[in-house]
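# Reading the structure
One-letter residues, chain by chain:
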Amino acid sequence: CGLVRSRRGKIERVVLIEGKRLSFNGKELIKAKKGISGIELLYKGGKLMVNGPNIPKISVYAPEIRELFVNGKKKGVKKYRDYIKVR
């Protein structure tokens, strides 16, 4: 797994190779009930791009996100507190 932050400390890119959860500084960035096999999150302004094969239902920490793209396709944003549900 890996994480890239901007000079101001904002998360720009997250990669999880395998697992169900990824945490950073006490925040769960990715939560899944089933295992994930390769996923990339790109945060750009108010957009979140989620890329990977066979993405299961996940929750992604994304407090400032207004648009969601999954493997290049625009999806509706379903927020719960600071998380977006990706299906």
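Structural notes, computed from the coordinates.

Quick notes on the rules
- Residues numbered from 1 in each chain as written.
- Predicted model: local features only at pLDDT ≥ 70, side-chain atom pairs only at ≥ 80, totals over all residues.
- Heavy atoms only, no water.
- Helix = DSSP H or I, 4+ residues; strand = E, 2+ residues; numbered from the N terminus.
- Rg over C-alpha atoms; globule rule 2.2 N^0.38 Å.
- Buried < 20%, exposed > 50% of the residue type's maximum accessible area, 1.4 Å probe, protein only.
- Contact = heavy atoms within 4.5 Å.
- Areas by Shrake-Rupley, 256 points an atom, 1.4 Å probe, with all protein chains shown as cover.
- Pairing = 2+ DSSP bridges.
- Salt bridge = Lys/Arg side-chain N within 4 Å of Asp/Glu carboxyl O.

It is worth spelling out the overall build of the chain at this point. Helix and strand counts for the chain stand at 0 helices and 9 strands. Listing the helices and strands of the chain from first to last along the sequence gives β-β-β-β-β-β-β-β-β. In terms of overall size, the chain behaves like a compact globule, its C-alpha atoms giving a radius of gyration of 12 Å where 87 residues would be expected to give roughly 12 Å. Dimensions of the chain along its principal axes, counting C-alpha atoms only, are 30 × 25 × 25 Å. In the chain, buried positions account for 37% of the 87 residues. Within the chain, contacts between residues at least 6 apart in sequence are counted, and of these 24% link residues at least 24 apart. For the chain, the exposed surface amounts to about 5,800 Å²; the carbon and sulfur share of it is 47%.

So, on to the pairing of strand β3 (residues 27-44). Direction of pairing for strand β2 (residues 11-24) relative to β3: antiparallel, over a ladder of 10 bridges. From the neighbouring strand, valine 14 faces β3, where its bridge partner is leucine 41. The turn joining β2 and β3, which pair antiparallel and follow one another in sequence, is formed by 2 residues; a positive phi near 50° is taken by asparagine 25. As judged from the 5 bridges shared by β3 and strand β4 (residues 47-51), these two strands associate in the antiparallel manner. Each bridged residue has a counterpart across the sheet, and for tyrosine 43 the counterpart in β4 is leucine 48.

Applying the stated criterion across every chain yields a total of 4 salt bridges. We note a salt bridge from glutamate 64 to lysine 10, for which the minimum N-O separation is 2.8 Å. Here glutamate 64, found in the loop between β5 (58-61) and β6 (67-70), pairs with lysine 10, found in the loop between β1 (2-5) and β2; they are 54 residues apart in sequence, far enough to count as distant. Residue classification places glutamate 64 among the partly exposed residues on the basis of a relative accessible area of 47%. Its salt-bridge partner being lysine 74, residue glutamate 67 comes within 2.9 Å of it at the nearest N-O pair. When its relative accessible area of 25% is taken as the criterion, glutamate 67 is described as partly exposed. The class of lysine 74 is exposed, set by a relative accessible area of 56%.

Worth remembering: the numbers are spatial, not functional.
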